[in-house]
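Residue strings, one per chain:
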Amino acid sequence: QVQLVESGGGLVQAGGSLRLSCATSGRSFSTYDMAWFRQAPGKEREFVAAPSRSTISANYADSVKGRFTISRDRAKNTVYLQMNILKPEDTAVYCCAAKRYYSSDYESPAMYDYWGQGTQVTVSS
């Protein structure tokens, strides 16, 4: 079983930065694919970022490319999301997710087996 706990959310002005953390437990964490998603009020959950399994690069939603960076520390069982140049439209609950088995589809929430409770990010204009 894998447990995911997010932290680092808060209120920030537009143009500011936040760093989210997703601490995991479970002995198989290192083999799971991880990702960050977000959900704004009244909107569907959307993919934000995921590390690439095969390369050191990562995959990002177009809306966050160049502003967000995802990283993974396997020794600490933690995934991070560094968010810079935040915009009011980034306001959402951010959740990390894990899936046990590899698939080329890293954007669909349905592909993920485990979810954290989420952390609120609010960006004021």
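Residues numbered from 1 in each chain as written. Predicted model: local features only at pLDDT ≥ 70, side-chain atom pairs only at ≥ 80, totals over all residues. Heavy atoms only, no water.

*Asks:* I keep staring at the packing of aromatic side chains and nothing clicks. Help me out?
*Replies:* Any aromatic ring pair is given by two values, namely how distant the centres are and how the planes are angled relative to each other. Scanning all chains against the criterion turns up six aromatic pairs. Ring geometry for Tyr32 versus Tyr114: centroids 5.9 Å apart, planes at 5°, classification stacked. Within this pair, whereas Tyr32 is found in the loop between strand S3 (18–25) and strand S4 (33–39), its partner Tyr114 is found in strand S10 (residues 114–115), the two being separated by 82 residues in sequence. Of the two residues examined, Tyr32 and Tyr114, each falls in the buried class. Note on Phe47 and Tyr106: the rings are 5.3 Å apart at their centroids and 55° apart in plane angle, and the pair reads as tilted. (Phe/Tyr/Trp six-rings, centres within 6.5 Å; stacked < 30°, edge-to-face > 60°. Helix = DSSP H or I, 4+ residues; strand = E, 2+ residues; numbered from the N terminus. Buried < 20%, exposed > 50% of the residue type's maximum accessible area, 1.4 Å probe, protein only.)

*Asks:* Sorry if this is basic, but what is going on with the environment of Arg67 here?
*Replies:* Note on placement: Arg67 falls in the loop between strand S6 (58–60) and strand S7 (68–73). Take Arg67: its relative accessible area is 8%, and that puts it in the buried class. Each C-alpha atom, one on Arg67 and one on Leu86, is 7.7 Å from the other, the two residues being 19 residues apart in sequence. Once residues within four sequence positions are removed from consideration, Arg67 is found in contact with Gln82, Met83, Asn84, Ile85, Leu86, Lys87 and Asp90. Side-chain polar atoms of Arg67 contact the backbone oxygen of Ile85, separated by 2.9 Å. (Contact = heavy atoms within 4.5 Å. Polar contact = N/O pair within 3.5 Å; in protein donor to acceptor, adjacent residues only side chain to side chain.)

*Asks:* Where do I start with the nonpolar core in this structure?
*Replies:* In terms of nonpolar packing, the biggest core is built from 35 residues, with Leu4, Trp36, Val48, Phe68, Leu81, Met83 and Tyr94 touching the most fellow members. Counting residues per element, the ones that place at least two in this core are S3, S4, strand S5 (46–51), S7, strand S8 (78–83), strand S9 (92–99) and strand S11 (119–124). The dominant element in this core, judged by the number of residues it contributes, is S9, at five residues. (Core = buried A, V, L, I, M, F, W, Y, C linked by side-chain atoms within 4.5 Å.)

*Asks:* Explain the pattern of salt bridges here, please?
*Replies:* Two side chains with opposite charge may pair up if their charged atoms get near one another. Within the structure shown, the criterion is met by six salt bridges. For Asp62, the salt bridge identified is with Lys65, shortest N-O distance 3.2 Å. According to the relative accessible area criterion, Asp62 is exposed, its value standing at 64%. Under the relative-accessibility criterion, Lys65 is labelled partly exposed at 49%. Residue Asp90 is joined to Arg67 by a salt bridge in which the shortest nitrogen-to-oxygen separation is 2.7 Å. Pair noted here: Asp90 is in the loop between S8 and S9 and Arg67 is in the loop between S6 and S7, with a separation of 23 residues, a long-range link. Neither residue differs from the other here; Asp90 and Arg67 are each classed as buried. Among the ionic contacts, a cluster of salt bridges with common partners joins Arg38, Glu46, Arg67 and Asp90. (Salt bridge = Lys/Arg side-chain N within 4 Å of Asp/Glu carboxyl O.)

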